[in-house]
Amino acid sequence: MMFDSNGKAYASVAETKEGTVLVADAGFTCIESGAELTVQSDPVNGLYVSCGDGKHFLDGQCDDHTAPDAFYVGLYPKPAA
Ligand SMILES: [Zn+2]
């Protein structure tokens, strides 16, 4: 598991699937801080969320795909209600 500077865990690659809701941090230029984003699936490029530029592919947020505990930097799992 990977945490941000506030100790908050980022979304893990293993648990993020189409339909998962993620919450963006303040590090995006194309996504509003705190925005809730439903993960969608592109047949060619895989998982993405909608952003100001169109599709924001999650691959670009992942630090290391080969790690067993890979995570998406800047995206948090939405806390359970
Ligand atoms: Zn984007």
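Residues numbered from 1 in each chain as written. Predicted model: local features only at pLDDT ≥ 70, side-chain atom pairs only at ≥ 80, totals over all residues. Heavy atoms only, no water.

Novice: Just give me the short version of the overall build of the protein, but keep the residues and values in it.
Specialist: Each helix and strand counted, the protein has zero helices and eight strands in total. When the helices and strands of the protein are read in sequence order from the N terminus, they spell out β-β-β-β-β-β-β-β. Computed over C-alpha atoms, the radius of gyration of the protein comes to 12 Å, within 12% of the 12 Å expected from 2.2 N^0.38 for 81 residues, which places it in the range of a compact globule. Projected onto the principal axes, the alpha-carbon positions of the protein cover approximately 30 × 30 × 25 Å. (Helix = DSSP H or I, 4+ residues; strand = E, 2+ residues; numbered from the N terminus. Rg over C-alpha atoms; globule rule 2.2 N^0.38 Å.)

Novice: Describe the coordination of the zinc ion, with residues and values.
Specialist: Protein-derived coordination of the zinc ion comes from Cys30 (SG), Cys51 (SG) and His56 (ND1), at a distance range of 2.0 to 2.2 Å. When the donor residues of the zinc ion are listed from N- to C-terminus, their spacing reads C-x20-C-x4-H. Of this pair, Cys30 sits in the loop between strand E2 (21-24) and strand E3 (36-38) while Cys51 sits in strand E5 (residues 46-51), placing them 21 residues apart in sequence. Cys51 carries the same exposure label as Cys30, and that label is buried. (Donors = N, O, S within 2.8 Å, 3.2 Å for Na, K, Ca; no water. Buried < 20%, exposed > 50% of the residue type's maximum accessible area, 1.4 Å probe, protein only.)

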